[in-house]
Amino acid sequence: MNAITNHMPTAELQALDAAHHMHPFTANGELAQKGARIITRANGVTLTDSEGNQILDAMAGLWCVNIGYGRDELADVAARQMRELPYYNTFFQTTHVPAIALANKIAELAPGDLNHVFFAGSGSEANDTNIRMVRHYWALKGKPTKSIIISRKNAYHGSSVGSGSLGGMSAMHEQGGLPIPDIHHINQPHWWAEGGDMSPEDFGLQRAQELEQAILELGEDRVAAFIAEPVQGAGGVIVPPATYWPEIQRICDKYEILLIADEVICGFGRTGNWFGSQTMGIRPDIMTIAKGLSSGYAPIGGSIVSDEVAAVIAGDEFNHGYTYSGHPVSSAVALENLRILEEENIVGHVQDVAAPYLKEKWEALTDHPLVGEAKIVGMMGSIALTPNKEARAAFAAPAGTVGYICRERCFANNLVMRHVGDRMIISPPLVIKPEEIDTLIERARLSLDECYAALKEQDLLHSA
Ligand code: PXG
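Quantities reported herein were computed from a predicted structural model and do not represent experimental measurements.

With that settled, the discussion passes to the overall build of the chain. Assigned secondary structure in the chain consists of 17 helices and 15 strands. Along the first, second and third principal axes, the C-alpha set of the chain runs to 65 × 60 × 45 Å. Put simply, of all contacts in the chain between residues at least 6 apart along the chain, 71% involve residues at least 24 apart. For the chain, the accessible surface area stands at approximately 19,900 Å², while carbon and sulfur atoms represent 53% of it. Where the 35 positive side-chain charges of the chain centre and where its 56 negative ones centre are 1 Å apart.

What follows covers the site of the ligand. For the ligand, the set of nearby residues contains 16 residues, the closest of which are Trp63, Gly123, Ser124, Asp262 and Arg418. Within the backbone of Gly123, an N or O atom sits 2.9 Å from an oxygen atom of the ligand. For the ligand, a nitrogen atom lies 2.7 Å from a polar atom in the side chain of Asp262. In the complex, the protein chains occlude 83% of the 540 Å² of accessible area that the ligand would expose alone. Elements supplying a minimum of two residues to the shell around the ligand: α3 (60-63) and α6 (123-140). If you tally residues by element for the shell around the ligand, the top one is α6, at three residues.

Our next topic: the nonpolar core. Phe226 and Trp362 are the most contacted members of the largest nonpolar core, which has 102 residues in total. Per-element tally for this core: the top contributor is helix α17 (residues 434-457), with eight residues. Grouped together as the second largest cluster of nonpolar side chains are 20 residues, Ala225, Ile227, Leu258 and Ile313 included.

Here we come to the sheet that holds strand β12 (residues 380-385). Spatial strand order, β11-β12-β15-β14: four strands in an open sheet with antiparallel pairing. In this open sheet, the two strands that pair with only one neighbour each are β11 (371-377) and β14 (418-420). Neighbour to neighbour, the strand axes of the sheet diverge by 25 degrees on average, direction disregarded.

Quick look at the packing of aromatic side chains now. Overall, the coordinates contain seven aromatic pairs when judged by the stated rule. For the ring pair Phe91 and Phe92, a centre distance of 5.8 Å and an interplane angle of 55 degrees mean the geometry is tilted. Residue class for Phe91 comes out partly exposed when judged on its relative accessible area of 30%. Note on Phe92: relative accessible area 69%, which makes it exposed. Ring centres of Phe118 and Phe318 lie 5.7 Å apart, and the angle between their planes is 70 degrees; on these two criteria the pair is classed as edge-to-face. Highlighted residues: Phe118 in strand β4 (residues 114-120) and Phe318 in the loop between α13 (307-313) and α14 (328-343), separated in sequence by 200 residues.

Bringing the state of the cysteines into the picture now. A full pass over the atoms with the stated rule returns zero disulfides. Cys64 takes part in no disulfide bond, and the closest cysteine sulfur to it belongs to Cys266, at a distance of 14 Å. No disulfide involves Cys406; its sulfur sits 4.4 Å from that of Cys410, the nearest cysteine.

Taken in spatial order, the seven strands make up an open sheet running β4-β10-β9-β8-β7-β5-β6, and their pairing is mixed. Edge strands, defined here as strands with exactly one partner in the open sheet, are β4 and β6 (183-186). Pairs of neighbouring strands in the sheet enclose a mean axial angle of 25 degrees, with direction left out of account. Here β4 pairs with strand β10 (residues 301-306) via six bridges, running antiparallel. Pairing of Ala120 across the sheet is with Gly301, part of β10. Here α6 sits on the sheet in contact with β4, β5 (148-152), β6, β7 (223-228), β8 (258-262), β9 (286-289) and β10, set at roughly 160 degrees to β9.

A word on the pairing of strand β15 (residues 423-426). The side chains of a regular strand alternate between the sheet's two faces. Here β15 shows a buried face lined by Arg423 and Ile425 and a second buried face lined by Met424 and Ile426. Of the pairings in the sheet, the one linking β14 to β15 comprises three bridges and is antiparallel in character. The residue bridging His419 from the neighbouring strand is Met424, located in β15. Hairpin connection from β14 to β15: two residues lie between these consecutive antiparallel strands, with Gly421 at a positive phi of about 60 degrees.

Pro179 follows Leu178 through a cis peptide bond whose omega is -5 degrees. On the secondary structure map, Pro179 appears in the loop between α8 (170-173) and β6. Located in the positive-phi region is Trp63, a residue other than glycine, with phi close to 65 degrees. Turning to its location among the elements, Trp63 is positioned in helix α3.

On to the pairing of β12, then. Most of β12 is tucked away: six of the six residues are buried. Neither face of β12 is left uncovered, since the one carrying Met380, Ser382 and Ala384 and the one carrying Gly381, Ile383 and Leu385 both have all their residues buried. Note: β11 against β12, five bridges, orientation antiparallel. Considered in β12, the bridge of Val371 is made with Leu385. Taking the residues between adjacent antiparallel strands as the criterion, β11 and β12 are bridged by two residues, where Gly378 takes a positive phi near 55 degrees. In this sheet, β15 lies alongside β12 in antiparallel orientation, the contact comprising four bridges. Bridge pairing in β15 places Ala384 opposite Arg423.

Next up on the list: the pattern of salt bridges. A complete count under the given rule lists 23 salt bridges for this structure. For Asp182, the salt bridge is made with Arg222, and the minimal N-O distance between the two is 3.3 Å. Of this pair, Asp182 sits in the loop between α8 and β6 while Arg222 sits in the loop between α10 (200-218) and β7, placing them 40 residues apart in sequence. Exposure remark for Asp182: the relative accessible area of 28% places this residue in the partly exposed category. In this structure, a network of salt bridges that share partners links the residues Glu212, Glu247, Arg250 and Lys254.

Here is what the cut-offs are and how they apply
- Residues numbered from 1 in each chain as written.
- Predicted model: local features only at pLDDT ≥ 70, side-chain atom pairs only at ≥ 80, totals over all residues.
- Heavy atoms only, no water.
- Helix = DSSP H or I, 4+ residues; strand = E, 2+ residues; numbered from the N terminus.
- Contact = heavy atoms within 4.5 Å.
- Areas by Shrake-Rupley, 256 points an atom, 1.4 Å probe, with all protein chains shown as cover.
- Lys, Arg positive; Asp, Glu negative; His and termini not counted.
- Charge placed at Lys NZ, Arg CZ, Asp CG, Glu CD.
- Near = heavy atom within 4 Å.
- Polar contact = N/O pair within 3.5 Å; in protein donor to acceptor, adjacent residues only side chain to side chain.
- Core = buried A, V, L, I, M, F, W, Y, C linked by side-chain atoms within 4.5 Å.
- Buried < 20%, exposed > 50% of the residue type's maximum accessible area, 1.4 Å probe, protein only.
- Pairing = 2+ DSSP bridges.
- Axes fitted to C-alpha atoms, helices over the stretch in contact; angles between N-to-C directions.
- Phe/Tyr/Trp six-rings, centres within 6.5 Å; stacked < 30°, edge-to-face > 60°.
- Disulfide = S-S within 2.5 Å.
- Salt bridge = Lys/Arg side-chain N within 4 Å of Asp/Glu carboxyl O.

Structural measurements only, silent on function.
Structure (structure tokens):
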């Protein structure tokens, strides 16, 4: 076969893609008919596709390219590391400098007593580590019955059997025999969709107290940990009411329950602090990290673990690990990414420049007839599309119908803005400039207008 290159015609590449490549979270038969969009290169916040379109990537890839595309420093570090030591493992009493340096850097950046890192290749793997680690922790403390992990409906914690079980996505649980035993899901703090007549504050408190009810029902002696994203990402950028997290922290403190903050999306500046836990004022025992750790330039994830948990786990052999735990090339790339985040004060740029600017423009979208609430924390935002703002109504059409129409308009207007059901979400690179935010908002408004016109034409502006 001839080499497959960027220079081939789009249709030919699409046919080759459809012939042999199975896409994740995709109806591949349908995609084969339509043809996948082919991304050929990227720089800053802009993607280029095989047709030469310049697309503003308001999702930072998959919530991960925090420092933006095209940073040669990371490429240079990767090449250097590959030449020096492309691979060695961290099993069998060995280690290497990239893993040592990265673990030390993460311990320095992480708040409180989160000073130890167990590396993985991805967020899913890291959450699988967490399941085994918290259960083993309690077993080592002489409380082996504490094995239940409480999570939330509509949470996303990964796609492996373990992490997919932790997640609360019903569509995932329907496939492949999930969840594994001893995972319990409580309701999410999603006021817009589920808050009824309650105030957001009362509702946030009530949803947090579901954790206490679950602990009391299941028995304190059965519950190992509670896991949650500081701000739910894949679930639709659900920002909890201000009352939610303080109450969760109170409950975890009151009972002997470990708190796992899944920072895979929120970590490394996304919410305007280094970690979403700082933004939400919580003190987790374990943090899950991935994505922004390397800005997606190389696959890497991990669990940041407290002194206390690490000390207990150190008392025994933990029969767990991955070939690529602490992979030298990924570790070196992540370290360089953290250097750039720190030296260029990118978290400061989010806090002082990008987030306030984006927040003002994003929240102003609520003047559009289709937009109900607009929520935003740092550089992750969502808008609820609705046929009736006052009633916070859902559309009569099946959930996601309208969101998909809007997403298709965004795509056509060279904006990557995703939909989750009928919520539109963004999570742009943290380095986005004010003038690029203007472009983002311009394209979002145009797409909303076109979506609104399409809904009128197709008679879809009805409430459920
Ligand atoms: N935790 C959270 C909070 C995530 O967002 C994972 C764990 C799993 O990480 P890995 O590296 O195993 O993918 C994620 C990943 C989406 C989407 O549609 C989101 C993720 C992955 C795939 C799709 O928004 N988040």
